[in-house]
Amino acid sequence: MVDFIQNCLDGIMLGSSYALLAIGFTLIFGVMRRLNLSYGPSIMVGAFVGTLVYLEFKANAVAIAAATVVGAVIVGIYVERLCFRAIRRGAAVASMVSSFVIWMQLEEIVTVVFPDRTYFFPPMVTADPIDLGPFFFKVENIVMFAVAAVMTVLLHWLLQYTRFGLALRAVSENPRAALFMGINVGAVMFLAFVIASAFGGVAAYLIVSADGQITPLFGLWATFKGLIAMMLGGMGSIPGAILGGLLLGVVEAQSIWYLGTEYRDLSAYFLLFLFLVFRPGGLMGQLAVERELAATRRV
Amino acid sequence: MPILELTTLTKHFGGVHAVDELDLAVEEGEIFGLIGPNGSGKSTTVNLICGVVSVTAGRVAFEGRDITGSAPHRVLAAGVARTFQNIRLFGHLTVWQNLWVAQNSVEDRRSENFAKRWFFGSGATRDAVDQQLEFAGLAGKRNELAANLAFGEQRRLELARALATKPRLLLLDEPAAGMNLEEVHALDGRLRALQQAGMTIVLVEHVMELVMGVTDRIAVLNFGRKIAEGLPAAIQEDPAVQQAYLGGGVETAHA
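Predicted model, so just to flag it, every value in this text is computed and none were measured.

(A) Layout of the pattern of salt bridges. A full pass over the atoms with the stated rule returns 16 salt bridges over all chains. In this structure, Arg59 of chain B engages Asp66 of chain B in a salt bridge whose closest nitrogen and oxygen atoms are separated by 3.6 Å. Measuring nitrogen to oxygen at the nearest pair gives 2.6 Å for the salt bridge that ties Glu229 of chain B to Lys226 of chain B. The partly exposed category is assigned to Glu229 of chain B, whose relative accessible area is 34%. For Lys226 of chain B, a relative accessible area of 33% gives the class partly exposed. One continuous salt-bridge network, built from bridges that share partners, spans Lys225, Glu252, Arg264 and Asp265 of chain A.

This is the structure we're talking about:
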């Protein structure tokens, strides 16, 4: 029982970084109704920018984290300009396909610039785990959870109380009406991309620094984790993204303990399979769809 | 100089002449009625003015400036706001937020202050929103989600949201559709109050009690062409208009 609870706690802390990835995905999907497949690779590039800053300047953790986030945001803007701004009026699938191609491009560039494939990534802290009764906590996991929690609260505040947040929600609900109310829809979409990329950059730093290493494959990994967490929670729902991320983390932590490390990703896919069979809308997706329908019926 | 001037405005959808060489001049401060049978091109005309659909030929001028083919948010910024035939509120936002987001979009557009522009708006904006709610009779519902309002309240909110953008010309696309008589009377009063305050209104409407009572002048469209224009009383007597409405009188056609 102690093991089970310990796994749950570890899973929640791990899952908080998945939640950040999923929030990024779901923000872009909610505002644009389009899927950005190169989301993972663009934050991977951010993490390599962090690596570069470490290698060149032996910078401290804060500088590396900042470089990672800034890198992720810049590449995110690059992707937005190429795949989303340019094809905003075209079919949604066109954006998805071009974002897939940019994924390949980013991965190739990183592979050429960083030919060793696997690079050391400095940990954010070097401290002993904290014991708390029968349980113990790694410090980096606590930081991961705390940062994710703070960012989520910040996002909630942004969406509930600021004019940008309200404009963003207005655009995701009815882009046409938003345009007629004078909202600069293009600017809102752009900023949604920037925020999503910043969330992804923070997640990338937390995950990679906990792992202690980075490879170009991190892009693929981040896209998959983010996508699965988003789909578990329900596409387009931010509470869903959080729940989906945490659930994914807990299931992975349990399967690492009880089944072995090699089953970590397989169990994630199996969980997704179960959801697609029994609850295809995800945890909150069904609710979101019903609310959407109710809203369109009445409005 | 008319505040809104359409010159030989034309829109073809394939072979269909939705709007055909329409000339129209709306004077500042008047309530101008635009009526006609279904499919006569009234809504298309509104959409042409607002830049939703592209103009095939002709010209739209607002306050003497050519706004033909401008994007919707630019038309709005120029001072023309509209409501929709089918209500399009932001259902997940509260009543107050619906107005605030619209008010903000024009009020602080050129604000130099970053925080004002993207985060909090200005205090004046918030006060103006409260006043709009008062005028719309929705002050008690400020924290309700727009999706949970009754139909008539949603109509009122849509009008208030358009007003929140501080327009000088208001285009109302069938604002009385689905309203009961009492609500139509309340709308009548609101439109007159707006006119008193100096607003120019173009009213596209089927509900004749409202159109005949509140408008100063009326233009009648049929098959995209203007078939009559004049004072409400004259329009009611016009034989061409009666012919257009299935050969009957204007009132009996919609009774």
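(B) Looking closely at the sheet that holds strand β6 (residues 80-82) of chain B. Residue and element names in this part refer to chain B. Spatial strand order, β6-β7-β8-β3-β9-β10: six strands in an open sheet with mixed pairing. Each end of this open sheet is capped by a strand with a single partner; those strands are β6 and β10 (225-230). Between one strand and the next, the sheet's axes are offset by a mean angle of 20°, whatever the strand orientation. Where strand β3 (residues 31-35) meets strand β8 (residues 200-204), four bridges bridge the pair, whose relative direction is parallel. Bridge assignment links Ile31 to a residue of β8, and that residue is Ile201. Each of β6 and β7 (169-173) touches helix α6 (residues 151-164); the most contacted strand, β7, lies at about 155° to it.

(C) View of the packing of helix α1 (residues 2-32) of chain A against helix α6 (residues 163-173) of chain A. Residue and element names in this part refer to chain A. Look at α1 against α6: their axes get within 6 Å of each other, and the N-to-C directions meet at 60°. The angle between α1 and α6 falls in the class oblique. Contacts between α1 and α6 involve Leu27, Gly30 and Val31 from the first element and Leu168, Val171 and Ser172 from the second. Along the lines of polarity and charge, the residues of the contact of α1 with α6 split into four nonpolar, two polar and no charged.

(D) Just the interface of chain A and chain B, in detail. Each partner contributes residues to the interface: chain A has 28 residues there, and chain B has 35 residues. Summed over both partners, the interface of chain A with chain B comes to about 2,900 Å²; 65% of that surface belongs to carbon and sulfur atoms. Summed over the shared surface of chain A and chain B, the result is zero salt bridges. Applying the counting criterion to the chain A and chain B interface returns four residue pairs in polar contact (both at pLDDT 80 or more). At the level of elements, α5 (139-161), α6, α7 (175-180), α8 (185-211) and α12 (285-298) of chain A are the ones that each hand at least two residues to the side of chain A that touches chain B. A per-element tally of the side of chain A that touches chain B places α6 of chain A first, with seven residues. Its residues assigned to classes, the side of chain A that touches chain B shows 17 nonpolar, four polar and seven charged.

(E) Highlighting the nonpolar core. In terms of nonpolar packing, the biggest core is built from 132 residues, with Leu155 and Phe218 of chain A together with Leu4 of chain B touching the most fellow members. The biggest single contributor to this core is α8 of chain A, with 15 residues. Here this core gathers at least three residues from each of two domains, domain 1 (1-79 + 167-255) and domain 2 (88-166) of chain B. Excluding anything up to four places from it in sequence, Leu4 of chain B contacts Leu24, Ala25, Val26, Ile49, Val60, Ala61, Leu169 and Val202 of chain B.

(F) Inspection of α8 of chain A at higher detail. The end-to-end C-alpha separation of α8 of chain A is 39 Å, in line with the 39 Å expected for 27 residues at 1.5 Å each. Counting buried residues along α8 of chain A, 22 of its 27 residues qualify, which places the element largely inside the surrounding structure.

(G) Summary view of the side chain of Asn98 of chain B. All names here are of chain B. Topologically, Asn98 is positioned in helix α3 (residues 95-107). Judged by its relative accessible area of 0%, Asn98 is buried. Within polar-contact distance, the side chain of Asn98 engages the backbone oxygen of Phe90 at 3.0 Å. Each residue touching Asn98, except ones within four places of it in the same chain, is listed here: Leu89, Phe90, Leu93, Ala146, Leu157 and Arg161.

(H) Examining the sheet that holds strand β1 (residues 4-13) of chain B more closely. Residues and elements named next belong to chain B. One open sheet accounts for four strands, arranged β2-β1-β4-β5; its pairing is antiparallel. Both outer strands of the open sheet, β2 (16-26) and β5 (65-66), are each paired with one neighbouring strand and no more. Relative to β5, strand β4 (residues 57-62) runs antiparallel, the two being bridged by two bridges. Opposite Phe62, over in β5, you have Arg65 as the bridge partner.

(I) Region of interest: a nonpolar patch on the surface. Residue and element names in this part refer to chain A. On the surface, a nonpolar cluster with roughly 890 Å² of combined accessible area is contributed by Met1, Phe4, Ile5, Trp257, Tyr258, Leu259, Tyr263 and Leu266. Only α1 and α10 (238-258) provide two or more residues apiece to the nonpolar patch. With respect to the secondary-structure elements, Leu259 resides in the loop between α10 and α11 (264-278).

(J) Local environment of the domain arrangement of chain B. All names here are of chain B. Each assigned domain of chain B is listed with its residue range as follows: domain 1 (1-79 + 167-255) and domain 2 (88-166). Facing 18 residues of domain 1, the contacting portion of domain 2 comprises 15 residues. In total, domain 1 and domain 2 occlude about 1,300 Å² of area from one another, counting both sides; carbon and sulfur atoms represent 69% of this. Per-residue buried area on domain 1 facing domain 2 is highest for Leu76, Pro167 and Arg190; these three make up 43% of the total on that side. At the junction of domain 1 with domain 2, the criterion picks out zero salt bridges.

Scoring rules and cut-offs
Residues numbered from 1 in each chain as written. Chains lettered and ligands numbered in written order. Predicted model: local features only at pLDDT ≥ 70, side-chain atom pairs only at ≥ 80, totals over all residues. Heavy atoms only, no water. Salt bridge = Lys/Arg side-chain N within 4 Å of Asp/Glu carboxyl O. Buried < 20%, exposed > 50% of the residue type's maximum accessible area, 1.4 Å probe, protein only. Pairing = 2+ DSSP bridges. Helix = DSSP H or I, 4+ residues; strand = E, 2+ residues; numbered from the N terminus. Axes fitted to C-alpha atoms, helices over the stretch in contact; angles between N-to-C directions. Contact = heavy atoms within 4.5 Å. Parallel < 35°, antiparallel > 145°, perpendicular 65-115°, else oblique. Nonpolar A, V, L, I, M, F, W, Y, C, P; charged D, E, K, R; others polar. Buried area = accessible area lost by both parts, 1.4 Å probe. Polar contact = N/O pair within 3.5 Å; in protein donor to acceptor, adjacent residues only side chain to side chain. Core = buried A, V, L, I, M, F, W, Y, C linked by side-chain atoms within 4.5 Å. Domains from an automatic or database assignment. Expected span 1.5 Å × (residues − 1). Patch = residues over 30% accessible without salt bridge, like charges linked within 9 Å, V, L, I, M, F, W, Y side chains within 5 Å. Areas by Shrake-Rupley, 256 points an atom, 1.4 Å probe, with all protein chains shown as cover.

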